[in-house]
Amino acid sequence: MALVKIEGVSKVFKEASLPVQALTSIHVEIQKGEFTAFCGPSGSGKTTLLNLIGCLDRPSEGKVHLENEEVSSLAQGKLATIRRRKIGFIFQDFNLIPTLTVRENIEYVLWLQGETESLRRQKSKALAERFGIGKLLSRRPAQISRGQQQRVACARAIIHKPLLIIGDELTANLDHKTGAELMDFIKKLNREEGLTFLYATHDPIMMERASRVVRMQDGRIIDGKG
Amino acid sequence: MFLLKFALLNLTRNKRRSAITVLAVGIGLAALIFLWAFMDGSHEEQRENVTRLFTGHVQIHAAGFAKKMSAELVIPNRPEVLEKIKSNPRVVSLAPRSKCEALIGTTAQSKGIVLTGIDLDAEPLVTDIKKQVKEGEFLSGGEGKEILIGHVLAEKLEVGLGDKVVLMTQAMDGTLAGFAYRVKGVIHSGALPLDEYSAFISLASSQELLGIDSDIHEIAVRLRSRAEIEGFKKDMQTVLPSDSYEMLAWNEIVPEVDQWASYSNAIIQTMLIAVMAVIAVGVMNTILMSIFERTKEIGVMMALGTGPRQVVSMIFFETLVLEFIGIILGIGLAYLLVFHFQRVGILMTGFEDAFAESFMSPVVHPHLAFHRVLTSVKTLVLITSFISLYPAWRAAKMEPVKAIYHS
């Protein structure tokens, strides 16, 4: 059974009353434990597709299945519950909450899930140590480097052990060395814990690290449907 | 705790804006509470003045006397009634009186007044009429016929201390009775009904004038406090059956005072809602601005799994925190203002005459009642919370994708 199944998905955005076709008849399946890169030029639809897989958006046509459950027509509240339980996000510009400390940022999803403070503390501490940011827990995002911020974002994305982690151009704002280190780290998580990882990139070096590459152009998949 | 901390942190992002909003809430609330305290203080003073000046807390008459004021309507079983009232534990003092409508005049002028015969020993224990004699002296109770009149009446009659005035009224037997009196004292009470339309002679003298022997028309009663009035009336129901007696509380005798208080309260309540609505719009604006600035962040929070309800709770909590701090500030400020002006009073220069007509002294001492604070706070919380639902709803309706890519 595929973890993610996309069936005939199209997405049309209305920009200034003009329809913009972002995706056209996409069919793709993602298996559990995959480390998949979605690549293509800017405007090819990779971010839109990842948003649909990540239950952040709904398709104009077609169906999105996550663990055999059709999620494309669910209400915002239910989609939020799915995101909270099953998905982790790592954004291009990290998007940490500036008023919260590193620890609180990492623990945020656990807090949403209603976990006790002691369990939150225990998990965030262990994860931060693993990511090499254990000494930064009481700092605010503005007080740490961009590489450290990205590690915090990664820790936040995996602390609740989601089925699926989605990263959008997650190394675009990092220097090459830091980006490569981060990808190696995520790859290690993928190998050791079997986490499914999908990420959008147009960086050839990042593509090389993927076990599967899905190429997109003009809102269509041109290679790597799987 | 997390929500509270998060709300506090969000409010510290733009400290100046949050501080201005808190100040607006605090000052608005303090102003309203103070206004209420000012009005309650002046009403309280009005009530105290009315009972102190001449009504006492309760007046007892023969049934129908208040309307007709006929000399023959004397209080039945006077000694027994006086005894029963005196023995009531709520009663501090009582003063027997006679009362009639009379014409007071000189050779040149005459005027209609209410003439009251007062017991010279008992009356000062119930009212402050004696203290209001600012020219001349209080009645002596001697053989000579003495009268106290108000200073406005004295001016209109063009009489002064020691001058003679003639009183004419209908006696109990229906005949026209009249005597000449010398002005012994002039009253300056500040209340027009006393200063222009009243005159006082001794009870014995009035009984002689009206031909009512030792009978009386009125018993003015002072209780331990105004709060005892209802209890006293209930106690006396069996002793003073309504077919023979009437018992009137001070506010039935002078209903204008309570009517004026109700009218003022209605105005303040309207102002309360209007001011609170303005404050609420200010709070809403702050929250809307804060949401607008955090659109991307709220989108990220939603992407991480924050549901619409949690977004509403978060925004609502921020409003509550702003309100709470503003309320604490407002109450503190109001208490300081009231405490200060309670001690020094507020001199209403230029309004002395208007105040005098309403039994008010021109120096108002605000009086803060807890239920007023509670009403103001409840109204503020209710209106602000209701209005804040709009920004909370707007935030919860955001689509995560649009919010994340909002610039």
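No experiment lies behind these values; they were computed from the predicted model shown. (Residues numbered from 1 in each chain as written. Chains lettered and ligands numbered in written order. Predicted model: local features only at pLDDT ≥ 70, side-chain atom pairs only at ≥ 80, totals over all residues.)

S.K.: Please provide a residue-by-residue account of the overall build of chain B, values included.
M.R.: Check the secondary structure of chain B and you find 16 helices and 12 strands. Relative to the globule expectation of 22 Å for 407 residues, the C-alpha radius of gyration of chain B, 31 Å, shows a markedly less compact shape. Across its three principal axes, chain B shows a C-alpha extent of roughly 100 × 45 × 30 Å. Taken over 407 residues, chain B has a buried fraction of 44%. Residue pairs at least 24 apart in sequence account for 82% of intrachain contacts in chain B once pairs closer than 6 positions are excluded. (Helix = DSSP H or I, 4+ residues; strand = E, 2+ residues; numbered from the N terminus. Rg over C-alpha atoms; globule rule 2.2 N^0.38 Å. Buried ≥ 20, exposed ≤ 12 C-beta atoms within 10 Å, placed from the backbone. Contact = placed C-beta atoms within 7 Å.)

S.K.: Mind laying out the overall build of chain A, listing which residues take part and the relevant values?
M.R.: Scanning chain A from N- to C-terminus turns up seven helices and 10 strands. In terms of overall dimensions, chain A has C-alpha extents of about 45 × 40 × 35 Å along its principal axes. Looking at chain A as a whole, 46% of its 226 residues are labelled buried.

S.K.: Can you explain the sheet that holds strand S9 (residues 212-217) of chain A? Please cite residues and give values.
M.R.: All names here are of chain A. Pairing is mixed in the open sheet, where six strands are placed in the order S6-S7-S8-S3-S9-S10. This sheet does not close on itself; its edge strands, each paired only once, are strand S6 (87-90) and strand S10 (220-223). Across the sheet, the axes of successive neighbouring strands diverge by a mean angle of 25 degrees, strand direction being ignored. The strands touched by helix H5 (residues 146-158) are S6 and strand S7 (164-168); relative to S6, the strand with the most contacts, the crossing angle is about 170 degrees. (Pairing = 2+ DSSP bridges. Axes fitted to C-alpha atoms, helices over the stretch in contact; angles between N-to-C directions.)

S.K.: How would you explain the packing of helix H11 (residues 255-293) of chain B against helix H15 (residues 370-396) of chain B if you had to name every residue and give the values?
M.R.: Residues and elements named next belong to chain B. Interhelical geometry of H11 versus H15 gives an angle of 30 degrees and a closest axis separation of 8 Å. By the angle class used here, H11 and H15 are roughly parallel. For H11 against H15, the interelement crossing comes out right-handed. Along the contact surface, H11 presents Leu-272, Ile-273, Met-276, Ala-277, Ile-279, Ala-280, Val-281, Val-283, Met-284, Ile-287, Leu-288 and Ile-291, while H15 presents Ser-376, Thr-379, Leu-380, Ile-383, Thr-384, Ile-387, Ser-388, Tyr-390, Pro-391, Arg-394 and Ala-395. (Parallel < 35°, antiparallel > 145°, perpendicular 65-115°, else oblique. Left-handed = near helix turned anticlockwise from the far one by under 90°.)

S.K.: So what's going on with the sheet that holds strand S4 (residues 61-66) of chain A? Residues and values would help.
M.R.: With respect to topology, four strands assemble into an open sheet ordered S2-S1-S4-S5 (chain A), the strand pairing being antiparallel. Both edges of this open sheet fall to strand S2 (18-30) and strand S5 (69-70) of chain A, since each of them pairs with a single strand only.

S.K.: Run through the pairing of S9(A), naming residues and quoting values.
M.R.: Residue and element names in this part refer to chain A. Here strand S3 (residues 35-39) runs beside S9; their pairing, made up of four bridges, is parallel. Residue pairing in the sheet places Cys-39 in a bridge with Arg-215 of S9. Taken together, the three bridges between S9 and S10 define a ladder with antiparallel strand orientation. Bridge pairing links Arg-215 to Asp-223 in S10. Connecting S9 to the next strand, S10, in antiparallel fashion are two residues, including Asp-218 with a positive phi near 50 degrees.

S.K.: Outline the interface of chain B and chain A, listing residues and values.
M.R.: Every contact between the two is made by 16 residues of chain B and, on the other side, 18 residues of chain A. Breaking the side of chain B that touches chain A down by element, the ones donating at least two residues are helix H1 (2-11), helix H12 (295-303), helix H13 (308-344) and helix H16 (400-404) of chain B. Sort the elements by how many residues they give to the side of chain B that touches chain A and H12(B) lands first, with four residues. The class makeup of the residues in the side of chain B that touches chain A is nine nonpolar, five polar and two charged. (Nonpolar A, V, L, I, M, F, W, Y, C, P; charged D, E, K, R; others polar.)

S.K.: Requested: an account of H1(B), with residues and values cited.
M.R.: All names here are of chain B. Taken residue by residue, H1 has Phe-6, Ala-7, Asn-10 and Leu-11 as its buried positions. One side of H1 holds all its buried residues, which, seen down the axis, span an arc of 135 degrees. Exposed and oriented more than 90 degrees from the buried face of H1 are Leu-4 and Lys-5. For H1, the elements touching its buried residues are helix H2 (15-55), H11 and H13. (Arc of directions from axis to C-beta.)

S.K.: If you had to explain the packing of H2(B) against H13(B) to someone new, which residues and values would you point to?
M.R.: Residues and elements named next belong to chain B. Across the interface, H2 lies against H13 with an axial gap of 7 Å and an inter-helix angle of 40 degrees. By the angle between their directions, the pair H2 and H13 is classed as oblique. Relative to H13, H2 is oriented so that their crossing is right-handed. Taken together, the residues of H13 that come into contact with H2 (itself represented by Ser-18, Thr-21, Val-22, Val-25, Gly-26, Leu-29, Ala-30, Ile-33, Phe-34 and Ala-37) are Leu-322, Glu-323, Ile-325, Gly-326, Ile-327, Leu-329, Gly-330, Leu-333, Ala-334, Leu-337 and Val-338. Counted by class, the contact of H2 with H13 contains 15 nonpolar, five polar and one charged residues.

S.K.: Mind laying out the environment of Glu158(B), listing which residues take part and the relevant values?
M.R.: With respect to the element layout, Glu158(B) can be found in the loop between helix H6 (151-157) and strand S6 (164-170). Taking the C-alpha atoms as reference points, Glu158(B) and Ala108(B), separated by 50 residues in sequence, lie 8.8 Å from one another.

S.K.: Tell me about helix H6 (residues 176-193) of chain A, and name the residues and values.
M.R.: Residue and element names in this part refer to chain A. Here H6 spans 25 Å end to end across 18 residues, near enough to the 26 Å set by a 1.5 Å rise per residue. Taken together, the buried positions of H6 are occupied by Gly-179, Leu-182, Met-183 and Ile-186. One side of H6 carries all its buried residues, which in axial view fall inside an arc of 100 degrees. Facing away from the buried side of H6 by more than 90 degrees, the exposed set consists of Lys-177, Asp-184, Lys-188, Arg-191 and Glu-192. Among the structural elements, H5, strand S8 (196-201) and helix H7 (204-208) are those in contact with the buried residues of H6. (Expected span 1.5 Å × (residues − 1).)

S.K.: Lay out the confidence of the model for chain B with the relevant residues and their values.
M.R.: Note: predicted coordinates in regions of low pLDDT should not be interpreted at a detailed level. All names here are of chain B. Overall, the prediction assigns chain B a mean pLDDT of 89, with 98% of residues at 70 or greater. Taken element by element, the predicted model of chain B shows its lowest mean pLDDT in helix H14 (residues 352-357) (68) and its highest in strand S9 (residues 218-223) (95). Scoring of the predicted complex yields 0.73 for pTM and 0.91 for ipTM. (pLDDT = per-residue confidence, 0-100.)

S.K.: Outline the environment of Leu161(B), listing residues and values.
M.R.: Residue and element names in this part refer to chain B. Counting through the fold element by element, Leu-161 comes out in the loop between H6 and S6. Each C-alpha atom, one on Leu-161 and one on Gly-136, is 6.4 Å from the other, the two residues being 25 residues apart in sequence. When sequence neighbours within four positions are dropped, the list of residues in contact with Leu-161 reads Glu-135, Gly-136, Val-183 and Val-186.

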